[in-house]
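Okay, here's what each chain looks like letter by letter:
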Amino acid sequence: MKSFLYILFNEVKRFFTIKEYRTLLLLALKYGGSKRYEKKEVRFNGRTFLVADFKSFFWQYKQIYVDKCYQFKTVNKNQIILDCGANVGLSALFFSEYYPSAKIVAYEADANIFKYLSDNINGNKMQNVEAVQKAVWINNSGITFLMEGADGGAVSTEGTAVESVSLKDEMAKYTSISLLKMDIEGAEVEVIQSVKNDLHKCENVFIEYHSFAGKQQYLHELLTILANNGFRYYLKEEVVLSQPFITKGNPGPMDMQINIFAYK
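Since we're looking at a predicted model, the values are computed, not measured. (Residues numbered from 1 in each chain as written. Predicted model: local features only at pLDDT ≥ 70, side-chain atom pairs only at ≥ 80, totals over all residues. Heavy atoms only, no water.)

S.K.: Please set out the pattern of salt bridges residue by residue, giving values where relevant.
M.R.: One pass over the structure, following the stated rule, counts nine salt bridges. A salt bridge links E38 to K40, with the shortest nitrogen-to-oxygen separation between them at 3.7 Å. The class for K40 is partly exposed, based on a relative accessible area of 22%. Between E41 and R43 there is a salt bridge, with the nearest N and O atoms lying 2.9 Å from each other. Note on R43: relative accessible area 48%, which makes it partly exposed. (Salt bridge = Lys/Arg side-chain N within 4 Å of Asp/Glu carboxyl O. Buried < 20%, exposed > 50% of the residue type's maximum accessible area, 1.4 Å probe, protein only.)

S.K.: For the pairing of strand β11 (residues 177-182), give the residues involved together with the corresponding values.
M.R.: The element β11 is largely enclosed, with a buried count of six among its six residues. Direction of pairing for strand β3 (residues 80-84) relative to β11: parallel, over a ladder of four bridges. Each residue of the ladder has a partner; that of I81, found in β11, is L179. In terms of strand pairing, β11 meets strand β12 (residues 202-212) through five bridges, oriented parallel. In the strand pairing of β12, M182 is matched with I207. Handedness of the β-α-β unit built from β11, helix α7 (residues 188-194) and β12 comes out right-handed. (Helix = DSSP H or I, 4+ residues; strand = E, 2+ residues; numbered from the N terminus. Pairing = 2+ DSSP bridges. Right-handed = clockwise from strand over helix to strand, strands pointing away.)

S.K.: Can you tell me about the packing of aromatic side chains, naming the residues and giving the values?
M.R.: Throughout the structure, instances matching the rule amount to 19 aromatic pairs. Centroid distance Y31 to F54: 5.7 Å. Interplanar angle 45 degrees. Geometry classified as tilted. Here Y31, found in helix α2 (residues 19-31), pairs with F54, found in helix α3 (residues 54-66); they are 23 residues apart in sequence, far enough to count as distant. The pair Y31 / F54 is uniform in exposure class, with both members buried. Ring centres of F94 and Y98 lie 4.2 Å apart, and the angle between their planes is 25 degrees; on these two criteria the pair is classed as stacked. In this pair, F94 and Y98 are both assigned in helix α4 (residues 90-98), four residues apart and thus about one turn of the helix distant. With relative accessibility at 0%, the residue F94 sits in the buried group. Given a relative accessible area of 30%, Y98 falls into the partly exposed group. Between R36 and the ring centre of Y37, over which it is positioned, the NZ or CZ distance is 4.7 Å. The cationic tip of K264 hangs over the ring face of F231; the distance from NZ or CZ to the ring centre is 4.7 Å. (Phe/Tyr/Trp six-rings, centres within 6.5 Å; stacked < 30°, edge-to-face > 60°. Lys NZ or Arg CZ within 6 Å of the ring centre and 35° of its normal.)

S.K.: An account of unusual backbone geometry is requested, with residue identities and associated values reported.
M.R.: Positioned with a positive phi, N87 is a non-glycine residue whose angle comes to about 55 degrees. Structurally, the position occupied by N87 is in the loop between β3 and α4. Take N87: its relative accessible area is 11%, and that puts it in the buried class.

S.K.: Please set out the nonpolar core residue by residue, giving values where relevant.
M.R.: Counting residues in each nonpolar core, the largest one holds 41 residues, and the members touching the most others are F44, F49, F57 and L90. Contributing elements (two or more residues each) for this core: α2, β1 (40-44), β2 (47-51), α3, α4, β4 (103-107) and α5 (111-123). Among the elements that take part in this core, α3 stands out by supplying seven residues, more than any other. Among all residues touching F49, those that are not within four sequence positions of it are K40, E41, V42, F44, F57, V88, G89, L90, L93, N120, N124 and M126. (Core = buried A, V, L, I, M, F, W, Y, C linked by side-chain atoms within 4.5 Å. Contact = heavy atoms within 4.5 Å.)

S.K.: Would you mind going over the state of the cysteines in detail, with residue names and values included?
M.R.: In total, this model carries zero disulfides according to the counting rule given. No disulfide involves C84; its nearest neighbouring cysteine sulfur is the one of C202, lying 9.5 Å away. With a relative accessible area of 0%, C84 lands in the buried category. (Disulfide = S-S within 2.5 Å.)

What follows is the structure, given as structure tokens:
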């Protein structure tokens, strides 16, 4: 009974103390019945946003605005934020609102999703956001990209040829980077390996790490690279397995997804 009351009290407290939590519930009530992968105009916080898939947007809003997972502190007046895997632009909007003096570069490979990103940047007057329609990769030679229709597009041997941009070349433009945010659906290992000698420029790094069933795992390599660059890190699981010894991984193609928050 005490546990139930504790949970109930905390949820009620969140409702009355966190404006974004109330907005999240209103979004669920208003748009929760939307079909998957259906274009939708969503209104929240005085903004109008075009989304390609409401379910994806809903969980993004929860992480970005309710939990404020990307919020950071910095004394650097010349803030640079590299948003790798910007999707429809909700993270870019958050950065633009919370860090109005920052230069934000938002990279998105999916041509269809990029249209949403571009429209949302222009429609919401994100004047400090630059949109780049390229996949963040280890070189500028192009890559094949599998378009999923929401936030799950990924570099793949199957897919559509898209332009790519070398993260190493992008990072070379700046002497310091306030936040490197990397949500590139499985390409993060190769890309981080390619900039392992440049990460010292970063104050904060976010990496969404994906482990695919039956394939070699590289989490230890990412953590070693971060540690060698003077970062501490916090890990938060996104794919939750209640009985990992029994299932030995998720029954789907991905057996682990970890969000890595690295900071100095």
